[in-house]
Amino acid sequence: MQMLIPAFTPWKNILRVVLLYGAGMVAVLWPRNTIRRMEDFRPTLWRGAALTVLTLWCVLSFTGVTTFIYSNF
């Protein structure tokens, strides 16, 4: 981007902040509120199965021994 538009360089960080702030505002304000989503949520067999598989995968992925990083000090 700096090579294409050299005058853009001073505004690069400001544009990043504005884009990240805008994306955050869209993510927060776009969906329905939490209470409405909780009222509309209906658990299904597929959601329960997916949650079970993800939970098992997370628990089983903790295998292996990690060394204490301060053991050499």
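This section reports on the structure supplied with the text. (Residues numbered from 1 in each chain as written. Predicted model: local features only at pLDDT ≥ 70, side-chain atom pairs only at ≥ 80, totals over all residues. Heavy atoms only, no water.)

Another aspect to go through is the overall build of the chain. In terms of helices and strands, the chain carries three helices and zero strands. Secondary structure of the chain in N-to-C order comes out as α-α-α. A burial count over the chain gives 1% of its 73 residues as buried. When the accessible surface of the chain is summed, it comes to about 7700 Å², and 73% of that surface belongs to carbon and sulfur atoms. (Helix = DSSP H or I, 4+ residues; strand = E, 2+ residues; numbered from the N terminus. Buried < 20%, exposed > 50% of the residue type's maximum accessible area, 1.4 Å probe, protein only. Areas by Shrake-Rupley, 256 points an atom, 1.4 Å probe, with all protein chains shown as cover.)

Right, let's get into helix α3 (residues 45-60). The periodicity of an α-helix, 3.6 residues per turn, causes residues three or four positions apart to be oriented the same way. Between its first and last C-alpha atoms α3 spans 22 Å; for 16 residues at 1.5 Å apiece the expected length is 22 Å, and the two agree. Counting buried residues in α3 gives zero out of 16 residues, a small share hidden from the surface. (Expected span 1.5 Å × (residues − 1).)

Where nonpolar side chains cluster on the molecular surface, the patch consists of Y21, M25, V28 and L29 and spans about 460 Å² of accessible area. Within the secondary structure, M25 sits in helix α1 (residues 12-29). Residue M25 is classed as partly exposed on the basis of its relative accessible area of 34%. (Patch = residues over 30% accessible without salt bridge, like charges linked within 9 Å, V, L, I, M, F, W, Y side chains within 5 Å. Salt bridge = Lys/Arg side-chain N within 4 Å of Asp/Glu carboxyl O.)

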